[in-house]
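In case you want the letters, here they are:
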Amino acid sequence: QTLLGYPALRAGIAMAPRGLGSFIAMPIVGLIMTKFDPRKMLALGLFICALTLFQFSALDRSAGYWDFFWPQLEMGLSLGLVFVPLTTITMAGIPKETMGNATSLFNLVRNLGGSIGISAVQTMEVRLQQTNTNVLGAHVNPFSTGARNMMNMMEQMMASRSGDAVAAAHQARAMIFGLVQREAAMISYNTIFKSLGILFIALLPFILIMRRPSQKAPAVAAH
C-alpha cells in the first residue's frame, strides 16, 4: 500500500482474493476431512502457501492488480488447507470436558506466535531496507554514468519548472534518494517473502511426527 501508493480502498480490494480463497476452501476442507489424511492436506496447504510466497518474491514495483490476485487467491485456498487440518490434528484425543480449555490455549499460542512473527518480519524489513539503501546508494555517485545522466535530466526538468538551478539540484537529489529508498524497500519485501517461503518448506518434515487423528474424531471448529 505504501510502496505502490495504493489508497486504503484499493489495498483492500487487492487483499480481498485471499479472504475469498479461505471462504471457499474452509467449508470444503471441513466436509472432506474424514475422507483424507489431515496430515497430507496440511502438507499440501503448506506447500501451496510456500509457492505463493515465492511468487510474491518475484514481483517488482510495476506489479498490477492481477499480479496480486492469483497469488492471493492461492494463498487463501492454502490457508484453508492449513488451519482446519492443523486444528483437527491438534485437538484429536482431547477429552470433551477439557476441549474448551484446550481450544483457548491453542488460540492463545497461535495468536501469540502470530504477533511475534509480525514483529520479527517488520524488524527484518526495516533493517533490510537500511542495508539495501546503503548498497544501492553506493552506486549513485558522480563516477556512475547512469546516475550522472539521471541527475542531469532531473535537474533540467526541475529547473524548467522553477527556474532556480540551485533548488532544482536539491530537488533532483531528493527524487533520486526517494527512488533508491523505494527500490530498497521492494528488494526487502522480496527477500522476506523468499525467506518465509523457505520457512514453510522447512516445516514440511515436522508433519511426519504428527499422529493421524482417529477417523471418528470430528473436525474442530477454528477461527
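Attention in this report is confined to the structure presented alongside it. (Residues numbered from 1 in each chain as written. Predicted model: local features only at pLDDT ≥ 70, side-chain atom pairs only at ≥ 80, totals over all residues. Heavy atoms only, no water.)

### Focus: the nonpolar core
Looking at soluble globular proteins, one finds that nonpolar side chains tend to be buried together.
Argument step 1. Residues Tyr 6, Phe 56, Leu 59, Phe 68 and Met 75 are the most contacted members of the largest nonpolar core, which totals 13 residues.
Argument step 2. For this core, the leading source of residues is helix H2 (residues 38–56), giving three residues.
Argument step 3. Other than its neighbours up to four places away in sequence, Phe 68 contacts Leu 4, Tyr 6, Phe 56, Leu 59 and Ala 63. (Core = buried A, V, L, I, M, F, W, Y, C linked by side-chain atoms within 4.5 Å. Buried < 20%, exposed > 50% of the residue type's maximum accessible area, 1.4 Å probe, protein only. Helix = DSSP H or I, 4+ residues; strand = E, 2+ residues; numbered from the N terminus. Contact = heavy atoms within 4.5 Å.)

### Quick notes on the environment of Phe 177
Argument step 1. With respect to the helices and strands, Phe 177 occurs in helix H6 (residues 165–203).
Argument step 2. Phe 177 sits 143 residues away from Thr 34 along the chain, and the two C-alpha atoms are 57 Å apart.

### Quick notes on the packing of aromatic side chains
Aromatic rings in a pair are described by how distant their centres are and how their planes are angled relative to each other.
Argument step 1. Going through the model one piece at a time under the given rule, you end up with five aromatic pairs.
Argument step 2. Ring centres of Tyr 65 and Trp 66 lie 5.2 Å apart, and the angle between their planes is 75°; this geometry places the pair in the edge-to-face category.
Argument step 3. Relative to Trp 70, the ring of Phe 69 has its centre 4.8 Å away and its plane inclined at 90°; by these criteria the two rings are edge-to-face.
Argument step 4. By way of ring pairs, the aromatic residues Tyr 65, Trp 66, Phe 69 and Trp 70 are connected into one cluster.
Argument step 5. When the ring centre of Tyr 6 is taken as reference, the NZ or CZ atom of Arg 10 above it lies at 4.3 Å. (Phe/Tyr/Trp six-rings, centres within 6.5 Å; stacked < 30°, edge-to-face > 60°. Lys NZ or Arg CZ within 6 Å of the ring centre and 35° of its normal.)

### Looking at a nonpolar patch on the surface
Argument step 1. Together, Leu 20, Phe 23, Ile 24, Ile 28 and Leu 77 make up a nonpolar patch on the protein surface, roughly 470 Å² of accessible area in all.
Argument step 2. Ranked by the residues each element gives to the nonpolar patch, the list is headed by helix H1 (residues 8–32), at four residues.
Argument step 3. With respect to the helices and strands, Leu 77 occurs in helix H3 (residues 65–91). (Patch = residues over 30% accessible without salt bridge, like charges linked within 9 Å, V, L, I, M, F, W, Y side chains within 5 Å. Areas by Shrake-Rupley, 256 points an atom, 1.4 Å probe, with all protein chains shown as cover. Salt bridge = Lys/Arg side-chain N within 4 Å of Asp/Glu carboxyl O.)

### Concerning the side chain of Thr 52
Argument step 1. Assignment of secondary structure puts Thr 52 in helix H2.
Argument step 2. Residue class for Thr 52 comes out buried when judged on its relative accessible area of 0%.
Argument step 3. A distance of 2.6 Å separates a polar atom in the side chain of Thr 52 from the backbone oxygen of Cys 49.
Argument step 4. In contact with Thr 52, other than residues within four places in its own chain, are Pro 71, Glu 74 and Met 75. (Polar contact = N/O pair within 3.5 Å; in protein donor to acceptor, adjacent residues only side chain to side chain.)

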